[in-house]
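Take a look at the letters that make up each chain.
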Amino acid sequence: MSKIKYKTQNLVDENQTRAHAGLLALLMVAYLFIPNTVILYILIYDFLTRIYMTPYMSPIYLISTFLVNIIGVKQKFVDEDAKEFASHIGLTILFVALGAELLNQTAVAFSLVAFLSLWKIVEATKEFCFACKFYELLKSKNITVESL
């Protein structure tokens, strides 16, 4: 697979996104142990503000930025479009999980949140994002992904 040419204005710090994924995974695991819908609402709020407004309205994003600045790791830039695509998929999974939870289908909601939490744990620990790789595969096949 060929590498994607990145534009300089569409880059995001990989270390910050990994810290953010770790915090999201902690919240999702908290939901699995304490099945409270408020946690799902917090996660959906985080995704909505980061995708459609500004990341600086998301407390989880601000905490992850603060942690990365305290640790002082060197910045490593990756394509922002792939991360945005992954965020859209995560938001969709959370909306379906919330709908299942509201319809008293807690087993479905738990399995979706467990899947998403495993995804975020792998992203935080192994620097591997499933949706980002899928996005790169689509780009390599000249398939354009559009968002609302």
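Residues numbered from 1 in each chain as written. Predicted model: local features only at pLDDT ≥ 70, side-chain atom pairs only at ≥ 80, totals over all residues. Heavy atoms only, no water.

**Q** Give a description of the packing of helix H4 (residues 80–102) against helix H5 (residues 106–126) that names residues and reports values.
**A** Put simply, H4 and H5 touch, their axes get as near as 7 Å, and they point 155° apart. Between H4 and H5, the angle is such that the two are roughly antiparallel. Taken as a pair, H4 and H5 cross one another with a handedness that is left-handed. Contact with H4, carried on its side by Lys83, Ala86, Ile89, Gly90, Ile93, Leu94, Val96, Ala97, Ala100 and Glu101, involves Thr106, Val108, Ala109, Phe110, Leu112, Val113, Phe115, Leu116, Trp119 and Glu123 of H5 and no other residues of that element. Across the contact of H4 with H5, the residue classes break down as 15 nonpolar, two polar and three charged. (Axes fitted to C-alpha atoms, helices over the stretch in contact; angles between N-to-C directions. Helix = DSSP H or I, 4+ residues; strand = E, 2+ residues; numbered from the N terminus. Parallel < 35°, antiparallel > 145°, perpendicular 65-115°, else oblique. Left-handed = near helix turned anticlockwise from the far one by under 90°. Contact = heavy atoms within 4.5 Å. Nonpolar A, V, L, I, M, F, W, Y, C, P; charged D, E, K, R; others polar.)

**Q** An account of the side chain of histidine 88 is requested, with residue identities and associated values reported.
**A** Within the secondary structure layout, histidine 88 lies in helix H4. Overall, histidine 88 belongs to the buried group, its relative accessible area being 17%. (Buried < 20%, exposed > 50% of the residue type's maximum accessible area, 1.4 Å probe, protein only.)

**Q** Now, about H5: what can you tell me, with residues and values included?
**A** Given a rise of 1.5 Å per residue, 21 residues ought to cover 30 Å, and the 29 Å separating the end C-alpha atoms of H5 matches this to within 8%. Buried within H5 are the following residues: Ala109, Val113, Leu116, Ser117, Trp119, Lys120, Glu123 and Ala124. All buried residues of H5 lie within an arc of 160° about the axis, which places them on one face of the element. Exposed residues lying more than 90 degrees from the buried face of H5 are Ala107, Leu118, Thr125 and Lys126. Residues of H5 that are buried make contact with helix H1 (14–33), helix H2 (37–52), H4 and helix H6 (130–140). Immediately beyond the C-terminal end of H5, within one or two residues, lies glutamate 127, with a positive phi of roughly 55°. (Expected span 1.5 Å × (residues − 1). Arc of directions from axis to C-beta.)

**Q** Could you give an account of the nonpolar core, with specific residues and numbers?
**A** The tendency in soluble globular proteins is for nonpolar side chains to be buried as a group. Among the nonpolar cores identified, the biggest contains 29 residues, and Leu94 and Trp119 are the most heavily contacted of them. At nine residues, the largest contribution of residues to this core is made by H4. Once residues within four sequence positions are removed from consideration, tryptophan 119 is found in contact with Ala86, Ile89, Gly90, Ile93, Cys129, Phe130 and Ala131. (Core = buried A, V, L, I, M, F, W, Y, C linked by side-chain atoms within 4.5 Å.)

**Q** Kindly report on the pattern of salt bridges, identifying the contributing residues and their values.
**A** Taken as a whole and judged by the stated rule, the model has six salt bridges. Between arginine 18 and glutamate 127 there is a salt bridge whose closest N-O contact spans 3.1 Å. With arginine 18 in helix H1 and glutamate 127 in the loop between H5 and H6, this pair connects stretches of sequence that are 109 residues apart. A relative accessible area of 38% means that glutamate 127 is categorised as partly exposed. We note a salt bridge from glutamate 123 to lysine 83, for which the minimum N-O separation is 3.3 Å. Pair noted here: glutamate 123 is in helix H5 and lysine 83 is in helix H4, with a separation of 40 residues, a long-range link. Each member of the pair, glutamate 123 as well as lysine 83, carries the same accessibility label: buried. Here the salt bridges share partners, and the residues they tie into one network are Glu14, Lys83, Lys120 and Glu123. (Salt bridge = Lys/Arg side-chain N within 4 Å of Asp/Glu carboxyl O.)

**Q** Can you lay out the packing of aromatic side chains for me, pointing to particular residues and giving the numbers?
**A** A complete count under the given rule lists six aromatic pairs for this structure. Look at tyrosine 56 and tyrosine 61: their rings are 5.7 Å apart centre to centre, the planes differ by 80°, and that puts the pair in the edge-to-face class. Tyrosine 56 sits in the exposed class, given a relative accessible area of 56%. Ring plane angle 85° and centroid distance 5.1 Å describe the contact between phenylalanine 128 and phenylalanine 130, whose orientation is recorded as edge-to-face. Among the aromatic residues, those joined into a ring-pair cluster are Phe85, Phe134 and Tyr135. Just above the ring of phenylalanine 47 sits the side chain of arginine 50; from NZ or CZ to the centre is 4.9 Å. Across the ring face of tryptophan 119, the terminal group of lysine 120 is positioned such that the distance to the ring centre comes to 5.4 Å. (Phe/Tyr/Trp six-rings, centres within 6.5 Å; stacked < 30°, edge-to-face > 60°. Lys NZ or Arg CZ within 6 Å of the ring centre and 35° of its normal.)

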